[in-house]
Amino acid sequence: MFVLVEMIDTVRIPPWNFPRQLNEAIAEELNKKLANKVVYNVGLCICLYDVTKLEDSYIFPGDGASHTKVHFRYVVFHPFLDEILLGKIKYCSQEGVHVTMGFFDDILIPPESLQQPAKFDEAEQVWLWEYETDEGAHDLYMDQGEEIRFRVTDEVFVDTSPTGPAAAASGTICDPGLGLLSWWNS
């Protein structure tokens, strides 16, 4: 789910940050640039882990800032295929169940990946699983805010330039033990 990614970037430190320690100024600039952003085919950047190497700093004519090539490691959210994750239902729609992890909202469980038989209740805007028992059918609702366990089935990175890339994931709950935690606790 979270991985350390080695990266290299040239960091610009403006002159008013020269009195600060170089590592502190670089950390602040890297977090400003990368935190909460998606890097194409890498994942959602969370925060700087550490700086592994600093190369020489240069000041270019006409620009009073220093430019330093930095080797660093960054904590990145990148769900693995077939990884089991916990989230909360953000909302339901005809497209499926939309799940949030608090810091990442672009997770969709499409209707064909729900426990079957499933149907969408238009009036309440929720999906429900028609669970069959010896006593008959029980409707198990997938309400907003409920905790849900799902398996990652796909990840998609889309280049949406000029705003930058976007990431999305899809999942399934049609395996034993997956779905709302309340289903399996009772």
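Residues numbered from 1 in each chain as written. Predicted model: local features only at pLDDT ≥ 70, side-chain atom pairs only at ≥ 80, totals over all residues. Heavy atoms only, no water.

- If you look the protein chain up in an unreviewed UniProt entry, it shows as DNA-directed RNA polymerase subunit from Gasterosteus aculeatus aculeatus.
- According to its UniProt record, the protein chain has this under Sequence similarities (unreviewed entry): "Belongs to the eukaryotic RPB7/RPC8 RNA polymerase subunit family."
- UniProt, in the comment section headed Subcellular location (unreviewed entry), describes the protein chain in these words: "Nucleus". (UniProt positions renumbered as here; feature names shortened; annotations may be inferred.)

**Some thoughts on the overall build of the protein chain**
Here comes step 1: Check the secondary structure of the protein chain and you find 2 helices and 13 strands.
Here comes step 2: Summarising its shape, the C-alpha atoms of the protein chain cover approximately 80 × 30 × 25 Å along the three principal directions.
Here comes step 3: Expressed as a percentage of the 186 residues in the protein chain, the buried residues total 39%.
Here comes step 4: Of the accessible surface of the protein chain, which amounts to about 10600 Å², a share of 52% is contributed by carbon and sulfur atoms.
Here comes step 5: Separation of charge centres in the protein chain, based on 13 positive and 30 negative side chains, amounts to 13 Å. (Helix = DSSP H or I, 4+ residues; strand = E, 2+ residues; numbered from the N terminus. Buried < 20%, exposed > 50% of the residue type's maximum accessible area, 1.4 Å probe, protein only. Areas by Shrake-Rupley, 256 points an atom, 1.4 Å probe, with all protein chains shown as cover. Lys, Arg positive; Asp, Glu negative; His and termini not counted. Charge placed at Lys NZ, Arg CZ, Asp CG, Glu CD.)

**Regarding the pattern of salt bridges**
Side-chain pairs of opposite charge can arise where the charged atoms are in close proximity.
Here comes step 1: Scanning the entire structure with this criterion turns up 11 salt bridges.
Here comes step 2: Put simply, Lys33 and Asp9 hold a salt bridge, and the shortest N to O gap is 2.5 Å. Of the two residues, Lys33 sits in helix 1 (residues 22-34) while Asp9 sits in strand 1 (residues 2-13), which places them 24 residues apart along the sequence.
Here comes step 3: Linking Arg12 and Asp63 is a salt bridge whose minimum nitrogen-to-oxygen distance equals 2.8 Å. Of this pair, Arg12 sits in strand 1 while Asp63 sits in the loop between strand 3 (43-59) and strand 4 (66-77), placing them 51 residues apart in sequence.
Here comes step 4: Take Arg12: its relative accessible area is 40%, and that puts it in the partly exposed class.
Here comes step 5: One salt-bridge network, in which partners are shared between bridges, spans Arg20, Glu28, Glu29 and Lys32. (Salt bridge = Lys/Arg side-chain N within 4 Å of Asp/Glu carboxyl O.)

**Some details on the pairing of strand 3**
Here comes step 1: Pairing of strand 2 (residues 38-39) with strand 3 involves 2 bridges; the strand directions are antiparallel. Bridge pairing in strand 3 places Val39 opposite Gly43.
Here comes step 2: The hairpin turn running from strand 3 into strand 4, its antiparallel successor, is 6 residues long, and Gly62 in that turn takes a positive phi close to 85 degrees. (Pairing = 2+ DSSP bridges.)

**So, the sheet that holds strand 8 (residues 118-121)**
Here comes step 1: Spatially, 8-9-10 is the arrangement adopted by the 3 strands of the open sheet, whose pairing is antiparallel. With one partner strand each, in any of the chains shown, strand 8 and strand 10 (136-142) form the two edges of the open sheet. Between one strand axis and the next, the sheet turns through 35 degrees on average, direction left out of account.
Here comes step 2: Two elements, strand 8 and strand 9 (residues 126-133), share 4 bridges in a ladder whose sense is antiparallel. Across the sheet, the residue bridging to Lys119 is Leu128, located in strand 9. (Axes fitted to C-alpha atoms, helices over the stretch in contact; angles between N-to-C directions.)

**Brief notes about the packing of aromatic side chains**
Here comes step 1: A complete count under the given rule lists 7 aromatic pairs for this structure.
Here comes step 2: Aromatic side chains Phe72 and Tyr74 sit 6.2 Å apart centroid to centroid with 75 degrees between the ring planes, which places their arrangement in the edge-to-face category. Both residues of the pair, Phe72 and Tyr74, count as buried.
Here comes step 3: Geometrically, the ring pair formed by Trp129 and Tyr131 is edge-to-face, given 5.0 Å between the ring centres and 70 degrees between the ring planes.
Here comes step 4: In this structure Trp129 comes out as buried when scored by relative accessible area, which is 8%.
Here comes step 5: Tyr131 sits in the partly exposed class, given a relative accessible area of 35%.
Here comes step 6: Aromatic rings pair up to connect Phe2, Phe77, Phe103 and Phe104 into one cluster. (Phe/Tyr/Trp six-rings, centres within 6.5 Å; stacked < 30°, edge-to-face > 60°.)

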